[in-house]
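Observations on the three-dimensional arrangement
Spelled out, the chains give:
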Amino acid sequence: MKTAIITGASSGIGKATAYALAKEGFAVILSARSIDKLDELKSELLSQGHKAIAIKADVTKRNDMKEVAKAALDEFGQINVLVNNAGIMPLSFMKNLHEDEWEQTIDVNVKGVVNSIAAVLPAMMEQKDGHIINISSIAGISVFPTGAVYCGTKYAVEAITEGIRLELTAPYNIRATTIRPGAVETNLMSTITDQEVFAAFEPMLKSLKFLASEDIAKAIVYAAIQDPEVSIDHVCVRPSHQLM
Ligand code: NJP
């Protein structure tokens, strides 16, 4: 049975992805910091006949992610897919100097991604099979005001993903994909504390119909279930009326 580790599986896109991959026959390894939410999700999946385990882990901590990989191997014997989904988006104007949030955004969105990659690579290289699906963003291909640091982290995710493709696909059969969501209805905006951001985006927030997490989960499944010789490099999924 193929397995998928999903970081940030306690809500939003990660949670929807857990359901979608489980329905495709993957055993899912759910990780995030909110273990209560993960346990609830795990119970629901098990009651529907799926295979799932839940492990509390903070992506910014290397050892936590190594424990997640170890649990996946102990339970299922292999790691086929890593969905690097955990992320935060405390948008702010540069002039307002939200330095702590900048640092936290880099820690979660960049260091968290490489910590998770490092945890699964030994198993994937040994198996000569693996797929790293990194949740980037439209912010990973274009910059907008208030998003300087957030966009910077997602540009980094794009670069890291391309590096994996160049170095690891041919010798180890490890594929790499970025998923680039547009606006999706999740808890992500709750991390914004700079009130000027809400004022700046008010017209957009009032008029735009956000996507559902399930819309992004479908794209993740599409990338994950391709035949081994097919590489889906990038998938951009945005609301039809979101122009940038
Ligand atoms: O957000 P949300 P999304 N260690 O807040 C986890 C990208 N994206 O589903 O630890 C481990 O519902 C947190 O879990 P917990 C976005 O950049 C979104 O929208 O329990 N996990 C939760 O499960 C991000 O990469 C949109 O608090 C940590 C999850 O992350 C991905 O989509 C647009 C953690 C966040 O779930 C999922 O975000 C776009 C840590 N230190 C890109 N910190 C969008 N929604 O519009 C947080 O372009 N988490």
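Structural data are supplied above this passage.
In this text the structure is predicted, and so the values were computed from the model without any measurement.

Moving on, we come to the sheet that holds strand β3 (residues 52-56). Taken together, the seven strands give an open sheet; going across it, the order is β3-β2-β1-β4-β5-β6-β7, and neighbouring strands pair in parallel fashion. Every interior strand has two partners, whereas the edge strands, β3 and β7 (234-237), have only one. Taking the axes of each pair of neighbouring strands and ignoring which way they run, one obtains an average angle of 15 degrees across the sheet. Judged from the four bridges that link them, strand β6 (residues 174-181) and β7 form a sheet pairing that is parallel. By the bridge assignment for β7, isoleucine 179 is matched with valine 235.

You can see serine 137 is positioned in the loop between β5 (130-135) and α5 (148-172). Relative accessible area serves as the criterion here: at 8%, serine 137 is assigned to the buried category. Among all residues touching serine 137, those that are not within four sequence positions of it are Tyr150, Lys154, Glu158, Ile179, Arg180 and Pro181. At 2.8 Å, the side chain of serine 137 and the backbone nitrogen of alanine 139 are in polar contact.

For the rest of this paragraph, the subject is the packing of aromatic side chains. Under the counting rule described, the total for this entry stands at one aromatic pair. Where phenylalanine 144 meets phenylalanine 201, the ring centres are 6.2 Å apart and the plane angle is 80 degrees; that geometry is what we call edge-to-face. Residue phenylalanine 144 is located in the loop between β5 and α5, and its partner phenylalanine 201 is located in helix α6 (residues 195-207); the two are separated by 57 residues in the primary sequence. A residue is classified by how much of its surface remains accessible, and phenylalanine 144, at 23% relative accessible area, is partly exposed. Lying across the ring of phenylalanine 93, lysine 95 places its NZ or CZ 5.5 Å from the centre.

Here we take up the pairing of β6. When you tally the buried positions in β6, you get eight out of eight residues, the bulk of the element. Relative to β6, β5 runs parallel, the two being bridged by six bridges. Looking at the pairing, isoleucine 133 lines up with threonine 177 of β6.

Turning next to the side chain of threonine 105. Checked against the element boundaries, threonine 105 lands in helix α4 (residues 99-127). Take threonine 105: its relative accessible area is 2%, and that puts it in the buried class. If sequence neighbours within four positions are ignored, threonine 105 has contacts with Ile88, Pro90, Val110, Val149, Tyr150 and Thr153.

Turning next to the site of the ligand. Looking at the ligand, there are 30 residues lining it, with Ser34, Ser137, Tyr150, Pro181 and Thr186 nearest. Here an oxygen atom of the ligand sits 3.4 Å away from a polar atom, N or O, in the main chain of glycine 87. Within the complex, the protein chains bury 92% of what would otherwise be the 890 Å² of accessible surface of the ligand. Its residues assigned to classes, the shell around the ligand comprises 15 nonpolar, 12 polar and three charged.

Turning our eyes to something else, we now look at unusual backbone geometry. Positive phi, close to 50 degrees, is recorded for leucine 97, a residue that is not glycine. Along the chain, leucine 97 falls in the loop between β4 (81-84) and α4. Positive phi outside glycine occurs at lysine 128, with the angle close to 55 degrees. When you line up the elements, lysine 128 lands in the loop between α4 and β5.

A few words now on the pattern of salt bridges. According to the stated counting rule, one finds six salt bridges in the structure shown. A salt bridge links glutamate 158 to arginine 180; its shortest N-O distance comes to 2.8 Å. On the criterion of sequence distance, the pair formed by glutamate 158 in helix α5 and arginine 180 in strand β6 is long-range, its members being 22 residues apart. Accessibility classification places glutamate 158 together with arginine 180 in one group, the buried group. In this structure, glutamate 202 and lysine 206 form a salt bridge, with 3.3 Å as the shortest nitrogen-oxygen distance.

What counts, and at which threshold
- Along each chain, residue indices are assigned from 1 in the same order as the chain's sequence is written.
- Note on the predicted model: pLDDT of at least 70 is required for a residue's local features to be given, and 80 or more for side-chain atom pairs to be given and counted; whole-chain, interface and lining totals, by contrast, use all residues.
- With hydrogens and water excluded, all non-hydrogen atoms of the structure serve as input to the side-chain values.
- Strands qualify as paired when DSSP identifies two bridges or more between them.
- Helix and strand definitions here come from DSSP, where helices need a minimum of 4 consecutive H or I residues and strands a minimum of 2 consecutive E residues; each element is numbered from the N-terminal end.
- Working convention: axes come from line fits to C-alpha atoms, limited for helices to the stretch in contact. Angles between N-to-C directions cover 0 to 180 degrees.
- Between buried and exposed lies partly exposed: a residue is buried under 20% and exposed over 50% of the maximum accessible area for its type, with that area taken using a 1.4 Å probe on protein chains only.
- Whether two residues are in contact is decided by their heavy atoms, any of which lying within 4.5 Å being enough.
- We call two N or O atoms a polar contact when they sit within 3.5 Å, provided that within protein one can donate a hydrogen and the other can accept it, with sequence-adjacent residues counted only if both atoms are side-chain atoms.
- Any Phe, Tyr or Trp ring, taking Trp's six-membered ring, that has another such ring centre within 6.5 Å forms a pair; planes under 30 degrees apart are called stacked, those over 60 apart edge-to-face, and the others tilted.
- The criterion for a charge sitting over a ring is simple: Lys NZ or Arg CZ within 6 Å of the ring centre, and within 35 degrees of the ring normal.
- Being near a molecule or strand, for a residue, comes down to having at least one heavy atom within 4 Å of it.
- Accessibility throughout is a Shrake-Rupley quantity obtained with a 1.4 Å probe, and a residue counts as covered only by protein chains that appear here.
- Polar here means any residue other than Ala, Val, Leu, Ile, Met, Phe, Trp, Tyr, Cys and Pro, which are nonpolar, and Asp, Glu, Lys and Arg, which are charged; Gly is therefore polar.
- The term salt bridge refers to a side-chain nitrogen of Lys or Arg lying within 4 Å of a carboxyl oxygen of Asp or Glu.

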